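If you want the building blocks of each chain, they are given just below.
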Amino acid sequence: MALLHYGKPLVVMDSGGKDSAVCRELVRRSGVPHEIMHNLTTADAPQTVYYIREQFIRAGETGIPCAVNLPYYRGQRTTMWRLIPAKKIPPTRIARYCCEVLKEGNGNGRFIVTGVRWAESYRRKQRGIYESFAKTKKNKIILNNDNDDRRRLFESCRLKGKHVCNPIIDWTDRDIWEYIRAEKIPVNPLYDMGFFRVGCIGCPMAGKQRYLEFALFPTYKRAYIRAFEQMLLIRRQEGKDDRFGRWKDAQGVFRWWMEEDPVPGQYELLWDEETEELYY
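These remarks concern the structure in this document.

Attention shifts here to the overall build of the chain. If you tally the helices and strands in the chain, you get 10 helices and 11 strands. Every one of the 280 residues in the chain was classed for burial, and the buried ones make up 44%. Sequence-distant contacts in the chain: of pairs separated by 6 or more residues, those separated by 24 or more amount to 62%. Carbon together with sulfur atoms contributes 50% to the accessible area of the chain, which is approximately 16800 Å² in total.

This part takes up a nonpolar patch on the surface. On the surface, a cluster of nonpolar side chains totalling about 280 Å² of accessible area is made up of V68, L70 and Y72. Mapped onto the fold, L70 is located in the loop between β3 (66-69) and β4 (72-73). For L70, a relative accessible area of 35% gives the class partly exposed.

We now examine the packing of helix α2 (residues 18-30) against helix α7 (residues 173-183). Between α2 and α7, the least distance of the axes is 10 Å, while the angle of their chain directions is 55°. Here α2 lies oblique to α7, going by the angle between them. In this structure, α2 meets α7 at a crossing whose hand is left-handed. Across the interface between the two elements, K18, D19, V22, E25, L26 and R29 from α2 touch I176, W177, Y179, I180 and E183 from α7. Split into classes, the residues belonging to the contact of α2 with α7 amount to six nonpolar, no polar and five charged.

Moving on, we get to helix α4 (residues 80-87). Where α4 is concerned, the buried positions are M80, L83, I84 and P85. Contacts from the buried residues of α4 go to β4, α5 (97-103) and α9 (218-237).

For the rest of this paragraph, the subject is the nonpolar core. Among the nonpolar cores identified, the biggest contains 34 residues, and M80, I84, F214, Y224, F228 and W257 are the most heavily contacted of them. Taken together, the elements giving at least two residues each to this core come down to α4, α5, α9 and α10 (250-257). In contact with F228, other than residues within four places in its own chain, are I84, P90, A250, V253, F254 and W257. Grouped together as the second largest cluster of nonpolar side chains are 22 residues, Y6, A59, I64 and F111 included.

Before going further, it helps to examine the pairing of strand β1 (residues 10-13). Sheet faces and side chains relate simply in a regular strand, where the side chains alternate between the two faces. Burial along β1 is two-sided: L10 and V12 and V11 and M13, pointing in opposite directions, are all buried. Sheet topology places β1 next to strand β2 (residues 34-39); four bridges connect them, and they run parallel. Residue pairing in the sheet places L10 in a bridge with H34 of β2. This β-α-β element, β1 to α2 to β2, shows right-handed connectivity. Strand direction decides the pairing type here: β1 and strand β6 (residues 111-113), joined by two bridges, are parallel. Pairing of V11 across the sheet is with I112, part of β6.

Looking now at the side chain of S20. Tracing the sequence through the fold places S20 in helix α2. Given a relative accessible area of 5%, S20 falls into the buried group. Once residues lying within four places of it in the same chain are set aside, the contact partners of S20 are M13, D14 and S15.

A side chain with one charge can pair with a side chain of the opposite charge if their charged atoms come near. Taken as a whole and judged by the stated rule, the model has 12 salt bridges. The partner of R117 in a salt bridge is D173, and the shortest N-O contact between them spans 2.6 Å. Residue R117 is found in the loop between β6 and β7 (130-132), and its partner D173 is found in helix α7; the two are separated by 56 residues along the sequence. Among the residues examined, R117 registers a relative accessible area of 1% and is labelled buried.

Time to look at the packing of helix α8 (residues 209-216) against α9. One way to put it is that α8 packs onto α9 with a least axis distance of 5 Å and a crossing angle of 105°. The angle between the axes of α8 and α9 places the two elements in the roughly perpendicular class. Two secondary-structure elements touch here, α8 through F214, A215 and L216 and α9 through P218, Y220, K221 and Y224. Grouping the amino acids of the contact of α8 with α9 by side-chain chemistry returns six nonpolar, no polar and one charged.

Thresholds applied
- Residue indices begin from 1 for each chain and proceed along its sequence in written order.
- At least 70 in pLDDT is required for a residue's local features to be given in this predicted model, at least 80 for side-chain atom pairs to be given and counted, and no such filter applies to totals for whole chains, interfaces and linings, which use all residues.
- For side-chain calculations, the full set of non-hydrogen atoms in the structure is used, while hydrogens and water are omitted.
- Secondary structure follows DSSP: runs of H or I at least 4 residues long count as helices, runs of E at least 2 residues long count as strands, and numbering of each begins at the N terminus.
- Exposure categories follow from relative accessible area, calculated using a 1.4 Å probe and restricted to protein chains: below 20% of the type maximum is buried, above 50% is exposed, and the middle band is partly exposed.
- Contacts between residues were defined by any pair of non-hydrogen atoms, one from each residue, lying within 4.5 Å.
- Here the accessible surface of atoms and residues is derived via Shrake-Rupley with a 1.4 Å probe, and residues count as covered only by protein chains that are part of the display.
- Distance thresholds for patches are 9 Å for like charges and 5 Å for nonpolar side chains (Val, Leu, Ile, Met, Phe, Trp, Tyr), applied to residues having over 30% relative accessible area and no salt bridge.
- The working definition used for a salt bridge is a side-chain nitrogen of Lys or Arg within 4 Å of a carboxyl oxygen of Asp or Glu.
- All axes here are fitted lines through C-alpha atoms, helices being fitted over the stretch that makes contact, and every angle between N-to-C directions spans 0 to 180 degrees.
- Reported orientations rely on four angle classes, namely roughly parallel under 35 degrees, roughly antiparallel over 145, roughly perpendicular from 65 to 115, and oblique for the rest.
- By definition, turning the near helix anticlockwise from the far helix through less than a right angle yields a left-handed crossing, and turning it clockwise yields a right-handed one.
- In this classification, the charged set is Asp, Glu, Lys and Arg, the nonpolar set is Ala, Val, Leu, Ile, Met, Phe, Trp, Tyr, Cys and Pro, and all remaining amino acids, among them Gly, are polar.
- We define the nonpolar core as a collection of buried residues of types Ala, Val, Leu, Ile, Met, Phe, Trp, Tyr and Cys that are connected through side-chain atoms lying within 4.5 Å of one another.
- We call two strands paired when DSSP finds no fewer than two bridges between them.
- Seen with its strands pointing away from the viewer, a crossover is right-handed if its path from the first strand over the helix to the second goes clockwise.

In structure tokens, the structure reads:
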């Protein structure tokens with residue numbers, strides 16, 4: 001389908017994580033013509049950068065084209081540290097603008113392969129084995145199995161734009177690691193350092209793992225704090241009220257961002273053991 005409808009090979013999107021490593025190996029073994037792409041987030045750990053570089057060199061030696069995409073925002077090169085002041089809010093679990101700009105901005109007009117899995121999150125359970133993206137939700141196609149009643153649309157594939165195949169959508173964590181060990185697939189060294197997920201350093205989706213990340217990579221912590229300083233400066237210059245409470249300084253923003261303490265003015269639910277009632 002990639003060659004027929006786009007005239008270009010399949011694109012394997014490689015984030016540097018274990019799921020991408022499995023997808024990369026599956027597509028290689030299939031013999032399907034393909035390329036490999038990595039979106040540089042600028043907040044990846046050094047181990048991820050070196051791992052991607054090494055895997056791309058190996059793939060290139062076998063004739064597989066590889067490319068590292070640099071992030072752009074509003075037509076200009078950007079980084080995580082420039083994006084935060086530009087957006088004027090920190091990236092959060094809800095406001096995940098960083099993923100949209102730094103990780104998901106490439107692959108348009110191509111047929112791509114990703115390592116998305118249902119086991120990773122509730123949100124990803126809405127994803128399918130095959131996805132055809134369109135401007136409207138009505139025209140979007142998601143197939144979850146070979147018996148889907150929209151199979152005919154999948155066969156004709158007349159829509160233009162990004163088409164996505166998620167070949168390991170139903171794999172469990174155990175499936176992933178068993179395949180990696182059985183086939184001796186090299187993985188990101190961060191997993192041997194205690195990481196259970198690989199992504200941007202400081203990603204709010206990593207939960208408590210962020211403490212480990214900033215302990216190992218303190219330079220990233222300082223970079224976030226500097227970005228928060230610039231963010232506060234721009235907000236004050238524009239006279240913006242703080243939606244999240246009063247942040248006195250960048251350190252306060254960082255503590256709030258790490259969910260260490262509530263911002264003054266936020267509600268806090270407490271349990272009274274004597275009255276057995278909730279109160280603010």
